[in-house]
Amino acid sequence: MMIPQDEKICELVVSIAEVSSEIADFWQVTAIIESLGYTDRVIRQEFGFADALSLGKHIYEHYQLSPKPKSKPKQKMLGGIYFMKYKYLLINSLKVLFTLYLCC
């Protein structure tokens, strides 16, 4: 019994997602397809595409494999760390100044 082409592509998409949960572009999809052992000959026979690149582009454009948006950029987190560092320095500096003021 032959598996319909769409079902084969869906199975391939699942295999690609198992390799990488965050896909950057169609080049990465193509590389994963090739790393799974699919040659251009097999791709023509099983999926009806000319080569791994055309199949990779098709999968990238038609299936949800795009990277997930990151919750917080690293710069903001670093900014928070630096703010906390400077806040700590400011508080300690004020303590020293206040102590010097009281002593003199």
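Bear in mind the structure is a predicted one, so any value in this text is a computation, not a measurement.

What counts, and at which threshold
- In this convention, every chain numbers its residues from 1, walking through the sequence in written order.
- Per-residue local features of the predicted model are confined to residues with pLDDT of at least 70, and side-chain atom pairs are confined, for both listing and counting, to 80 or more; whole-chain, interface and lining totals are unaffected and use all residues.
- Excluding hydrogens and water, the side-chain values take into account all heavy atoms of the structure.
- Segments assigned H or I by DSSP are reported as helices when at least four residues long, segments assigned E as strands when at least two residues long, and all are numbered from the N terminus.
- Each residue is assigned to one of three classes by its accessible area relative to the maximum for its type, calculated with a 1.4 Å probe on protein chains only: buried under 20%, partly exposed between the two thresholds, exposed over 50%.
- By definition in these notes, contact holds between two residues if any of their heavy atoms fall within 4.5 Å.
- To obtain the arc, one takes the directions from the helix axis to the C-beta atoms.
- Between N-to-C directions, angles span 0 to 180 degrees; the directions come from axes that are lines fitted to C-alpha atoms, helices contributing only their stretch in contact.
- Note on terminology: angles under 35 degrees are roughly parallel, angles over 145 are roughly antiparallel, angles of 65 to 115 are roughly perpendicular, and the others are oblique.
- In this count, Pro and Cys sit with the nonpolar residues alongside Ala, Val, Leu, Ile, Met, Phe, Trp and Tyr, while Asp, Glu, Lys and Arg are called charged and the others, Gly among them, polar.
- Each polar contact in these results corresponds to two N or O atoms within 3.5 Å; when the atoms are within protein, one needs to be able to donate a hydrogen and the other to accept it, and residues that are neighboring in sequence are counted only if both atoms are side-chain atoms.

K.L.:
Looking at this structure, I do not really get the overall build of the chain. What am I missing?
P.N.:
A tally of regular secondary structure across the chain gives five helices and zero strands. What you see in the chain, going N to C, is helices and strands ordered as α-α-α-α-α. Here the chain holds 104 residues, and 19% of them are scored as buried. Here the contacts in the chain between residues at least 6 apart in sequence split such that 54% fall between residues at least 24 apart.

K.L.:
Would you mind going over helix 3 (residues 40–47) with me for this structure?
P.N.:
Since one α-helical turn is 3.6 residues long, residues separated by three or four positions face the same way. Residues of helix 3 that are buried: Val42, Ile43 and Phe47. End-on view of helix 3: buried residues confined to an arc of 100°, all on one side of the axis. For helix 3, the exposed residues set more than 90 degrees away from the buried face come down to Arg41 and Gln45. After helix 3 finishes, the residue glycine 48 shows a positive phi value of roughly 80°.

K.L.:
Can you help me understand the packing of helix 1 (residues 5–19) against helix 2 (residues 26–35) in this one?
P.N.:
Packed helices, taken two at a time, are described by their axes: the angle between them and the distance between them. Packing of helix 1 against helix 2 brings their axes to within 10 Å, and their N-to-C directions diverge by 100°. On the basis of the axis angle, helix 1 is roughly perpendicular to helix 2. Contacts between helix 1 and helix 2 involve Leu12, Ile16 and Val19 on the former and, on the latter, Val29, Ile32 and Ile33. Residue classes in the contact of helix 1 with helix 2 are distributed as six nonpolar, no polar and no charged.

K.L.:
Can you help me understand the environment of aspartate 40 in this one?
P.N.:
Within the element layout of this structure, aspartate 40 appears in helix 3. For the pair aspartate 40 and alanine 50, spaced 10 residues apart in sequence, the C-alpha separation works out to 6.8 Å. Contacts of aspartate 40, omitting those with residues within four sequence positions, involve Ala50, Asp51 and Ala52. Within the structure, the side chain of aspartate 40 is placed 3.0 Å from the backbone nitrogen of alanine 52, a separation counted as a polar contact.

K.L.:
Sorry if this is basic, but what is going on with the packing of helix 1 against helix 4 (residues 52–62) here?
P.N.:
Close contact between helix 1 and helix 4 brings their axes to 11 Å; oriented N to C, the two are set at 85°. Classified by the angle their axes make, helix 1 and helix 4 are roughly perpendicular. Seen from helix 1, the contacting residues are Ile9, Leu12, Val13 and Ile16; seen from helix 4, they are Leu55, His58 and Ile59. Counted by class, the contact of helix 1 with helix 4 contains six nonpolar, one polar and no charged residues.

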